[in-house]
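What follows is the residue order along each chain.
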Amino acid sequence: MSAATESAPIFEAEALMGIATDLFETMVDGEPGHLTLWWGEPPELEDSRFTWVDIQGQPATRVLLAASRETGEQLTRALLALPEGSAVGDEDFADAVGEVANVVGGNIKSMVPDGGALTLPSVAHAAPDAPGAIAIIDTYLSWRGAPLHVSLWALP
Amino acid sequence: MKALVIDDSRVMRRIVTGILRGVGFDTVEAGDGKEALERLTEHPDVALCCIDWNMPVMTGFEFVVEARKRQEWRDITLMMVTTEGEQGQIVRALAAGAHEYVIKPFTPEIIVDKLELLGLVGARA
Ligand SMILES: [Mg+2]
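Residues numbered from 1 in each chain as written. Chains lettered and ligands numbered in written order. Predicted model: local features only at pLDDT ≥ 70, side-chain atom pairs only at ≥ 80, totals over all residues. Heavy atoms only, no water.

1. Section: the overall build of chain B
For chain B, the count of helices and strands is five helices and five strands. Reading the helices (α) and strands (β) of chain B from amino to carboxyl end gives β-α-β-α-β-α-β-α-β-α. Computed over C-alpha atoms, the radius of gyration of chain B comes to 13 Å, within 12% of the 14 Å expected from 2.2 N^0.38 for 125 residues, which places it in the range of a compact globule. Looking at chain B residue by residue over its 125 residues, the buried ones come to 58%. Within chain B, contacts between residues at least 6 apart in sequence are counted, and of these 57% link residues at least 24 apart. If you sum the accessible surface of chain B, you get close to 5,400 Å²; carbon and sulfur atoms cover 52% of it. Of the side-chain charges in chain B, 15 are positive and 20 negative, and the distance between the mean point of each set is 2 Å. (Helix = DSSP H or I, 4+ residues; strand = E, 2+ residues; numbered from the N terminus. Rg over C-alpha atoms; globule rule 2.2 N^0.38 Å. Buried < 20%, exposed > 50% of the residue type's maximum accessible area, 1.4 Å probe, protein only. Contact = heavy atoms within 4.5 Å. Areas by Shrake-Rupley, 256 points an atom, 1.4 Å probe, with all protein chains shown as cover. Lys, Arg positive; Asp, Glu negative; His and termini not counted. Charge placed at Lys NZ, Arg CZ, Asp CG, Glu CD.)

Laid out in C-alpha cells, this is it:
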C-alpha cells in the first residue's frame, strides 16, 4: 500500500448518507423517510445544476451535489417553507442549494483527519473542472422520488 | 428580547429567525461578521447572537473575537450555529468567548433547548 493511499480520507458512503439523512429529516422535510439510496441504473439529470464546497485539508476534498433545476427548486421551497409550485428566483435557489452543500461539506470536514478550511459554496450550470480529481464516493440518492447526485472527490 | 441572526445564507437566517420569533424574540439579521458588528452598534439592546462560522468578509469566529473586545457588549450571549463540528473548532470558539455551540443540521428543539440552558427562554413544561 502506498503512502498516498494510507493518507487518503477513510470515508464511506454510509457516513455521507447519514449526514444527508440528518439534514433532510431535520431541515428540509421535518420528518424522516423521504431520502433513500437510488436503486437501479444511474438516472439522467434534466437541466442540471451543480453546487460544491471544497475542504482545503490534506488531501483537499470536494463535495459536489447535482440535481435537476426542478429538484433544486423543490428543495428551495422546502427549506424556505414556500407553497408548492411557487416561483423560485435564482438568488433563493443558489442560496438554498449552496447551503445544502455547505452543511454536507462542513459535516464531512469534521470527519476527515485534517479538515482544514471550508470554502464558501459555489452554484453553477456545470460541474467545476477538476483535472486529476479522484472520486471517493459517487452515488445517487432519491429525494421524494427525484434523483440527487452526490459525489466526494480527492483533489490533486 | 432581541436577537441578531448572523449567517451568509438567507435561507438559514430565515430558519433561525423563525425559531427565535416562535419563542418570543425580536430579530435583526446580518450576512457576515462585519455587518453584524454594525447591527450591534445600531441595536444596543441585542441580548443574543446566533453566529454562522463560514461567511465572506468576516467569519463568525472573527466576529466573536471582535465582539468580545467591546466592554459594552459583554452581556450579550454568543451562540455559534454552524457546520464546523470538529472538537478543535468548538474549543476555539468557546475559548474566544462563545457560550454555546449548535451544529447544522439542527431541529427547532435543539435551538430552543440551548436557549433554555442559557436562561434566555423559560423551560417548557
Ligand atoms: Mg455560511
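2. Section: the coordination of the magnesium ion
All names here are of chain B. Ligation of the magnesium ion by protein atoms is provided by Asp8 (OD), Asp52 (OD) and Asn54 (O), these donors lying 2.0 to 2.3 Å from the ion. All donors of the magnesium ion come from a single chain, and their spacing in sequence reads D-x43-D-x1-N. One end of the pair, aspartate 8, is in the loop between strand S1 (2-6) and helix H1 (10-22); the other, aspartate 52, is in the loop between strand S3 (46-51) and helix H3 (60-68), with 44 residues separating them in the sequence. For aspartate 52, a relative accessible area of 1% translates into the label buried. (Donors = N, O, S within 2.8 Å, 3.2 Å for Na, K, Ca; no water.)

3. Description of the confidence of the model for chain B
Across chain B, the average pLDDT comes to 95, with 98% of residues at 70 or higher. Both confidence scores are given for the complex: pTM 0.92, ipTM 0.92. (pLDDT = per-residue confidence, 0-100.)

4. Observations concerning the packing of H3 of chain B against helix H4 (residues 87-96) of chain B
Residue and element names in this part refer to chain B. Contact pair H3 / H4: the axes reach a minimum separation of 9 Å and the direction vectors enclose 20 degrees. The orientation of H3 relative to H4 falls into the category roughly parallel. Note that H3 runs across H4; the crossing there is left-handed. Contacts between H3 and H4 involve Phe61, Val64, Val65 and Arg68 from the first element and Arg92, Ala93 and Ala96 from the second. (Axes fitted to C-alpha atoms, helices over the stretch in contact; angles between N-to-C directions. Parallel < 35°, antiparallel > 145°, perpendicular 65-115°, else oblique. Left-handed = near helix turned anticlockwise from the far one by under 90°.)

5. Details of the interface of chain B and chain A
Each partner contributes residues to the interface: chain B has 21 residues there, and chain A has 21 residues. Buried area between chain B and chain A, summed over both chains or domains, comes out near 1,800 Å², and the portion from carbon and sulfur atoms is 56%. Sorting the residues of chain B by area buried against chain A places Val11, Thr83 and Pro105 of chain B first, and these three jointly supply 31% of that buried surface. Applying the counting rule to chain B against chain A returns six salt bridges. The closest approach of N and O atoms between lysine 109 of chain A and glutamate 84 of chain B, which form a salt bridge, is 2.9 Å. Joining chain B to chain A, the criterion identifies 10 residue pairs in polar contact (both at pLDDT 80 or more). With five residues, the top contributor of residues to the side of chain B that touches chain A is H1 of chain B. The class makeup of the residues in the side of chain B that touches chain A is eight nonpolar, six polar and seven charged. (Buried area = accessible area lost by both parts, 1.4 Å probe. Salt bridge = Lys/Arg side-chain N within 4 Å of Asp/Glu carboxyl O. Polar contact = N/O pair within 3.5 Å; in protein donor to acceptor, adjacent residues only side chain to side chain. Nonpolar A, V, L, I, M, F, W, Y, C, P; charged D, E, K, R; others polar.)

6. Focus: helix H2 (residues 33-42) of chain B
All names here are of chain B. Along H2, the residues classified as buried are Gly33, Ala36, Leu37, Arg39 and Leu40. Viewed end-on, H2 has its buried residues packed into an arc of 160 degrees, placing them on one side of the element. Buried-residue contacts for H2 involve S1, strand S2 (26-30), S3 and H3. N-capping of H2 is provided by aspartate 32, with a side-chain oxygen placed 2.9 Å from the backbone N of lysine 34. (Arc of directions from axis to C-beta.)

7. Quick word on the pattern of salt bridges
Residues and elements named next belong to chain A. Evaluation of the coordinates by the stated rule reveals 22 salt bridges over all chains. A salt bridge links arginine 77 to glutamate 73; its shortest N-O distance comes to 3.5 Å. Within this pair, arginine 77 and its partner glutamate 73 are both found in helix H3 (residues 69-80), separated by four residues, close to a single helical turn. With respect to burial, arginine 77 and glutamate 73 carry one shared label: buried. By sharing partners, the salt bridges in this structure join Arg69, Glu73, Arg77 and Asp90 into a single network.

8. Observations regarding the sheet that holds strand S4 (residues 77-82) of chain B
Strands in a sheet are paired, the pairing made by backbone hydrogen bonds, and the direction either parallel or antiparallel. All names here are of chain B. Reading across from one edge, S2-S1-S3-S4-S5 is the order of the five strands in this open sheet, with parallel pairing throughout. Both edges of this open sheet fall to S2 and strand S5 (100-103), since each of them pairs with a single strand only. Between one strand axis and the next, the sheet turns by 20 degrees as a mean value, whatever way the strands run. One ladder, built from four bridges, connects S3 with S4; its direction is parallel. Each bridged residue has a counterpart across the sheet, and for leucine 48 the counterpart in S4 is threonine 77. Each of S1, S3 and S4 is contacted by H3, which is oriented at about 175 degrees to S4, the strand it contacts most. (Pairing = 2+ DSSP bridges.)

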